[in-house]
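Structural overview
Listed below are the residues making up each chain.
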Amino acid sequence: MDNFGMSMLWFWISYILVTCAGIVHTIINIYFLGMKPMDENGMGEGYEATKPWHPLYNIISFSIFGFAYMNGLAEPTLTEALITGAIWADICIVFDVFGWVLIKHPWSLSFKEFYVDYQPWITLIYLAIFAGPVAGYCFTLI
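Residues numbered from 1 in each chain as written. Predicted model: local features only at pLDDT ≥ 70, side-chain atom pairs only at ≥ 80, totals over all residues. Heavy atoms only, no water.

1. Considering the packing of helix α4 (residues 78–102) against helix α6 (residues 121–140)
Running from N to C, α4 and α6 point in directions that differ by 150°, and their axes come no closer than 8 Å. By the angle between their axes, α4 is roughly antiparallel relative to α6. In this structure, the crossing between α4 and α6 has a hand that is right-handed. Contacts between α4 and α6 involve Leu 78, Ala 81, Leu 82, Thr 84, Gly 85, Ala 86, Trp 88, Ala 89, Cys 92, Ile 93 and Asp 96 on the former and, on the latter, Ile 122, Tyr 126, Ile 129, Phe 130, Pro 133, Val 134 and Tyr 137. Grouping the constituent residues of the contact of α4 with α6 by class yields 15 nonpolar, two polar and one charged. (Axes fitted to C-alpha atoms, helices over the stretch in contact; angles between N-to-C directions. Helix = DSSP H or I, 4+ residues; strand = E, 2+ residues; numbered from the N terminus. Parallel < 35°, antiparallel > 145°, perpendicular 65-115°, else oblique. Left-handed = near helix turned anticlockwise from the far one by under 90°. Contact = heavy atoms within 4.5 Å. Nonpolar A, V, L, I, M, F, W, Y, C, P; charged D, E, K, R; others polar.)

2. A look at a nonpolar patch on the surface
A contiguous nonpolar patch, built from Val 24, Ile 27, Ile 28, Tyr 31, Phe 32 and Leu 33 and spanning about 670 Å² of accessible area, is present on the exposed surface. Counting through the fold element by element, Leu 33 comes out in the loop between α1 (4–31) and α2 (45–48). (Patch = residues over 30% accessible without salt bridge, like charges linked within 9 Å, V, L, I, M, F, W, Y side chains within 5 Å. Areas by Shrake-Rupley, 256 points an atom, 1.4 Å probe, with all protein chains shown as cover. Salt bridge = Lys/Arg side-chain N within 4 Å of Asp/Glu carboxyl O.)

3. Quick look at the nonpolar core
Counting 19 residues, the largest nonpolar core has Phe 11, Phe 62, Phe 114, Tyr 126 and Ile 129 as its most contacted members. Of all the elements in the fold, those that place two or more residues in this core are α1, α3 (54–71), α4 and α6. Tyr 126 has contacts with Ala 89, Cys 92, Ile 93, Asp 96 and Phe 114, leaving out every residue within four places of it along the chain. Within the second largest apolar cluster, six residues are counted, among which are Met 70, Ala 81, Val 134 and Tyr 137. (Core = buried A, V, L, I, M, F, W, Y, C linked by side-chain atoms within 4.5 Å. Buried < 20%, exposed > 50% of the residue type's maximum accessible area, 1.4 Å probe, protein only.)

4. Observations concerning α4
Relative to the 36 Å expected for 25 residues at 1.5 Å per residue, α4 spans 35 Å between its end C-alpha atoms, a close match to the ideal helical length. A maximum bend of about 30° is found in α4 at Phe 95. Within α4 the residues assigned to the buried category are Glu 80, Ala 81, Thr 84, Gly 85, Trp 88, Ala 89, Cys 92, Asp 96, Val 97 and Val 101. Where the residues of α4 are buried, they touch α1, α3, α5 (111–115) and α6. (Expected span 1.5 Å × (residues − 1). Bend = angle between axes of the 7 residues up to and from the residue.)

5. Some details on the environment of Val 18
With respect to the secondary-structure elements, Val 18 resides in helix α1. Given the relative accessible area of 10%, Val 18 is considered buried. Measuring from C-alpha to C-alpha, the distance between Val 18 and Ser 61 comes to 7.0 Å, with 43 residues separating the pair along the chain. Ignoring sequence-local partners within four residues, the contact set of Val 18 consists of Tyr 57, Asn 58, Ser 61 and Phe 62.

6. Notes on the side chain of Lys 51
Relative to the helices and strands, Lys 51 is located in the loop between α2 and α3. On the basis of relative accessible area, Lys 51 is assigned to the buried category, the value being 9%.

Spelled out as structure tokens, the structure:
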């Protein structure tokens with residue numbers, strides 16, 4: 001990886017933005033669209049309705065910041081984009097285990113809820129994160 005520090009800067013900015021987008025979308029669904037919030041039985045209708053949008057948030061954000069990273073390199077290559085995508089997806093997979101499953105908070109989920117019940121969305125999210133730097137590389141060619 002040509003510039004790990006810049007790669008991590010763009011990764012974490014994107015990760016935080018997509019997380020905030022999901023939270024804001026859930027809040028809008030609950031407070032403005034009148035959907036049910038989470039309760040003792042689950043995350044609630046307001047959150048559930050956002051799931052199909054999560055891969056879209058990710059492909060847009062990680063492509064934009066993948067472009068920012070790739071465009072900042074002296075000589076961006078497809079190999080660099082693939083390595084960056086793999087690193088970003090791996091970091092996200094590991095971080096999500098801690099941030100959304102192991103560390104308990106009001107929005108944490110069980111392993112089953114996160115890795116089984118959240119299908120196909122979680123798989124599409126990780127594929128979008130991997131593809132983000134590759135899409136960003138393709139934009140540098142234009």
